[in-house]
2 protein chains.
Amino acid sequence: MKPLEGLKIVDFSHMLSGPTCTGMFALLGADVTKIERPKTGDGFRNYTEHAGPPGLSLPFCAANAGKKSITLDFTKPEAKEIIRRLVKDADIVVENFRPGVPAKLGVDWDSLRQINPKLVYCSITGFGHSGVLQNWGALDQVVQAMSGLLWMNGEPDDGPVKVGFPVLDTFTGYMSVIAILAALRRRDITGKGEFIDVAMLDCALKMMGGPVASHLYTGELPKRTGNRGYRMVATADLYKTADGYIVLGANLQLQFEKFCRAMGRPDMVTDPRFIDHEARSANNALLRDTIIEMMRDRSAAEVEALLAEAEVPVAMVRNLAEITSHPQFDDRTLFAKARMPGREEPITLLSAGFQLEGDPLEVGAIPTLGEHTDSVLATLGYDDAAIAALHADGVV
Amino acid sequence: MKPLEGLKIVDFSHMLSGPTCTGMFALLGADVTKIERPKTGDGFRNYTEHAGPPGLSLPFCAANAGKKSITLDFTKPEAKEIIRRLVKDADIVVENFRPGVPAKLGVDWDSLRQINPKLVYCSITGFGHSGVLQNWGALDQVVQAMSGLLWMNGEPDDGPVKVGFPVLDTFTGYMSVIAILAALRRRDITGKGEFIDVAMLDCALKMMGGPVASHLYTGELPKRTGNRGYRMVATADLYKTADGYIVLGANLQLQFEKFCRAMGRPDMVTDPRFIDHEARSANNALLRDTIIEMMRDRSAAEVEALLAEAEVPVAMVRNLAEITSHPQFDDRTLFAKARMPGREEPITLLSAGFQLEGDPLEVGAIPTLGEHTDSVLATLGYDDAAIAALHADGVV
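Comments concerning the overall build of chain A
Then step 1. When you go through chain A residue by residue, the secondary structure sums to 18 helices and 11 strands.
Then step 2. Overall, the C-alpha framework of chain A stretches about 85 × 50 × 40 Å when taken along its three principal axes.
Then step 3. Taken over 396 residues, chain A has a buried fraction of 57%.

Here's what the structure looks like:
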């Protein structure tokens, strides 16, 4: 059996954070029913900058494979009964509307707990259901700025640089999975569901737990270190080679010595200017210039191979093409095939990101908008005539 | 009851990724016994660059509050029996040694499953237990480089910039929590434990699931966008104000119009050069220069207040001092007090990062090295004489 087989999720979420959460549940075997607006569906299906065919942008596919899609117009009176039947036997509800919107739509915790008090209800927002910021508009880059995360990245003398992908949307989605699975364990014992309040801002700070704790203790701000490692030594930094960038991670004395020998400079090991951490810190600029010189005429691949062989922490700065084609994954189950509607060949998506027994987990098909409306309504007890009427009235 | 009350974890992990995982379990109410080397303990207790008193660096405290600490020298013959007793009744084992090391220490999955077949055993490594990279040395910054994550950050024309804190250590720790909780649900039904293989590299790619899926579909590399939003418009970017940086997130037409009005430039709404997304894209440099001009003489706080009032997505780039003192958290349960040994006043750490019912979760005390050795040995059936002998022999 799959690890989360038997769990039923009603998914009112859209865009990225919520669907990332429920996407993990779908991968792990839960039954996820995604509720979408008729006609347009989840805004992530069609998003100007996303690759992919109409209605099936790749980021949408990545987050929603394996779910059932049904359409529902919340404003129609018949929607209420459909929601009631959906939620009655569900274990989990996930939504990521702004605070207050679920109540207007009739899908807030107070309404749904009346139907099913065993429900675990997870609300994902930018800033949570309390606090002065709760109605502040949340975009990934806005929360990166607000949270201190953006401030942490970049060269000390330059401006801050954001993380180049929506890291807080995905991180918050996965933190929501933790919250839900923990609440479910408690529910299975107490028989009582609960409301979970997950905020992107809180998650951003949690992600930086170490620096935040240090700051709260000392009152000092962390150093913005650019590409240098936390020990601020020249042998743990980023360098330009003849054809690309390389990152060194030689923090320890032994690693420094191995580095020098591997690069053909054993003399540096006994050079008083570099003899230990203190000496190297004092002569940091000289050491840095020396390494810049070492790297200039070599290829990144050559340096990486040399240093890896010598057991010095190192990696070329790879782009997504270079890493996704790496032979490393020939023996892993990270990538998986999924059926994309309208395409004969399956596409490649990511599996769970960790390997459980019985892997590879099968990645389910990507749903077209409303693909499962009729079949789900049938399981909820609607007959063919009733389903036809719901379509005719624009409810689904 | 706390959500994970009753779960027993034996924690062989050290540094950051593993302790982040088991730290979340401790916060949620599980019983976590941390095994440390006698005398030195977890290398994260004393780490040159970390703030905090000896043996209690703040990043160590953040990840290890609420755990029990016992010391154990794996090389002593008596260690085997102590491990047997610890593992016999445990639900979960977590370790983050390099592949191969647990077998040498006698704490690998194949050894421990003999003692307790219901065990969920989670191994966290840089590159996993399979694949050509499995013995590659893993540091956060090395995996950032290897995974394509580092390549994604930075200005298009500059070199790549890493994330300024160990994002992959923490993210991988939390992904491990998901993997373990999912495996536990299956174990509770099947009665069978299992081995979980979590790799930082896999998690890094999973974190970038959308861009990875897009790349695998199109073969194209994502754009490195610096501080610009994904729509690459000038009204969603970072700007310097008179006293700091501000991030704008005005992607939509209505947001652009609100932005112009709030900034006192309603004329721009009807200016043909900025009339719609296409026009603004064509005149991007001009629009950017206009906004630079707008921001130059205003304070970041003033711009933030103006635009927030107008419902334009916006945030000042705050540092950790500015965000952790924000009144937002007066009504949240994100921060919590924890007892630090040798200090009368509790220190402030982060709670779970999400709010469950019955919050605030109490954050347990930070353990000194071996603080619980005797009490844990007593619960394992060792009497005072036996415990004294174990101390005398340097086993604990």
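Description of helix 1 (residues 17-27) of chain B
Then step 1. Across the 11 residues that make up helix 1 of chain B, a large majority, 11, are buried.
Then step 2. All of the buried residues along helix 1 of chain B are Ser17(B), Gly18(B), Pro19(B), Thr20(B), Cys21(B), Thr22(B), Gly23(B), Met24(B), Phe25(B), Ala26(B) and Leu27(B).

Some points on the relation of the copies chain B and chain A
Then step 1. Under the fitted operation, chain B is carried onto chain A by 0.0 Å of movement along the axis and a turn of 180 degrees, and the coordinates agree to an RMSD of 0.0 Å. Read as a symmetry element, the transformation amounts to a two-fold axis. Closest approach to the rotation axis within chain B is made by the C-alpha atom of Ile178(B), at a distance of 2.8 Å.
Then step 2. The fraction of interface residues of chain B whose copies in chain A are also interface residues reaches 100%, indicating that both copies meet through the same surface.

Notes on helix 15 (residues 300-309) of chain B
Residues and elements named next belong to chain B.
Then step 1. Among the residues making up helix 15, those that are buried are Ala300, Val303, Glu304 and Leu307. What you see down the axis of helix 15 is that its buried residues fit within an arc of 100 degrees, all on one side.
Then step 2. Lining the buried residues of helix 15 we find strand 8 (245-248), helix 11 (253-262), helix 14 (284-296) and strand 9 (314-316).
Then step 3. Looking one or two residues past helix 15, Glu311 carries a phi angle of roughly 65 degrees, positive in sign.

A look at the sheet that holds strand 5 (residues 120-125) of chain A
Residues and elements named next belong to chain A.
Then step 1. Strands sit in the order 3-2-1-4-5-6 across an open sheet of six strands; the sheet is parallel. Looking at strand neighbours, the two that pair on one side only are strand 3 (68-71) and strand 6 (194-199), the edges of this open sheet. Ignoring which end each strand starts from, the neighbouring axes of this sheet average 20 degrees apart.
Then step 2. Its contacts with the sheet place helix 1 (residues 17-27) against strand 1 (8-11), strand 2 (31-36), strand 4 (92-95) and strand 5, and it is angled at close to 150 degrees to strand 4.
Then step 3. Where helix 8 (residues 167-190) meets the sheet, its contacts fall on strand 4, strand 5 and strand 6, and the angle it forms with strand 5 comes to roughly 160 degrees.

Observations concerning the packing of helix 1 of chain B against helix 8 (residues 167-190) of chain B
Residue and element names in this part refer to chain B.
Then step 1. Taken N-terminus to C-terminus, the directions of helix 1 and helix 8 make an angle of 45 degrees; their axes are 7 Å apart at the nearest point. By the angle between their axes, helix 1 is oblique relative to helix 8. Note that helix 1 runs across helix 8; the crossing there is right-handed. Residue-level contacts link Ser17, Gly18, Thr20, Cys21, Met24 and Phe25 of helix 1 to Asp169, Thr170, Thr172, Gly173, Tyr174, Ser176 and Val177 of helix 8.
Then step 2. Split by residue class, the contact of helix 1 with helix 8 holds five nonpolar, seven polar and one charged.

A short note on the interface of chain B and chain A
Then step 1. Between chain B and chain A, the contact holds 118 residues from the first and 118 residues from the second.
Then step 2. Here the side of chain B that touches chain A gets 14 residues from one element, more than from any other, and that element is helix 8 of chain B.
Then step 3. When grouped by side-chain class, the residues that make up the side of chain B that touches chain A number 70 nonpolar, 32 polar and 16 charged.

Side note on the packing of helix 6 (residues 140-147) of chain A against helix 9 (residues 200-207) of chain A
All names here are of chain A.
Then step 1. The contact between helix 6 and helix 9 brings their axes to 10 Å, and the two run at 55 degrees. In terms of their interaxial angle, helix 6 and helix 9 are classed as oblique. By crossing handedness, the relation of helix 6 to helix 9 is classed as right-handed. Of the residues in helix 9, those in contact with Val143, Met146 and Ser147 of helix 6 are Met200, Leu201, Ala204 and Leu205.
Then step 2. Here the residues of the contact of helix 6 with helix 9 sort into six nonpolar, one polar and no charged.

A short note on the domain arrangement of chain A
Then step 1. By the assigned domains, chain A splits into domain 1 (8-208 + 331-392) and domain 2 (238-312).
Then step 2. Placing the centre of domain 1 of chain A and that of domain 2 of chain A at their C-alpha centroids yields a distance of 46 Å.

Examining the sheet that holds strand 7 (residues 238-240) of chain B
Pairing between the strands of a sheet is mediated by backbone hydrogen bonds and can be parallel or antiparallel.
All names here are of chain B.
Then step 1. Spatially, the three strands line up as an open sheet ordered 7-8-9, and their pairing is antiparallel. A single partner strand is all that each edge strand has here, and the edge strands are strand 7 and strand 9. Across the sheet, the mean angle from the axis of one strand to that of its neighbour is 25 degrees, orientation sign disregarded.
Then step 2. Relative to strand 8, strand 7 runs antiparallel, the two sharing three bridges.

Thoughts on the environment of Ala63(B)
All names here are of chain B.
Then step 1. Take Ala63: it is sitting in helix 2 (residues 58-64).
Then step 2. Here Ala63 falls in the buried class, since 31 other C-beta atoms lie within 10 Å of it.
Then step 3. When the C-alpha positions of Ala63 and Thr22 are compared, they lie 8.0 Å apart, and in sequence the two are 41 residues distant.
Then step 4. Those residues in contact with Ala63 that sit more than four places away from it in its chain are Leu16, Pro19, Thr20 and Gly23.

Comments concerning the pairing of strand 4 (residues 92-95) of chain B
Residues and elements named next belong to chain B.
Then step 1. In strand 4, alternate side chains face the same way, and those of Ile92 and Val94 on one face and Val93 and Glu95 on the other are all buried.
Then step 2. Of the pairings in the sheet, the one linking strand 4 to strand 5 (residues 120-125) comprises four bridges and is parallel in character. Pairing of Val93 across the sheet is with Tyr121, part of strand 5.

Calculation criteria
- Residues numbered from 1 in each chain as written.
- Chains lettered and ligands numbered in written order.
- Predicted model: local features only at pLDDT ≥ 70, side-chain atom pairs only at ≥ 80, totals over all residues.
- Helix = DSSP H or I, 4+ residues; strand = E, 2+ residues; numbered from the N terminus.
- Buried ≥ 20, exposed ≤ 12 C-beta atoms within 10 Å, placed from the backbone.
- Least-squares fit on C-alpha atoms with pLDDT ≥ 70 in both.
- Contact = placed C-beta atoms within 7 Å.
- Arc of directions from axis to C-beta.
- Pairing = 2+ DSSP bridges.
- Axes fitted to C-alpha atoms, helices over the stretch in contact; angles between N-to-C directions.
- Parallel < 35°, antiparallel > 145°, perpendicular 65-115°, else oblique.
- Left-handed = near helix turned anticlockwise from the far one by under 90°.
- Nonpolar A, V, L, I, M, F, W, Y, C, P; charged D, E, K, R; others polar.
- Domains from an automatic or database assignment.

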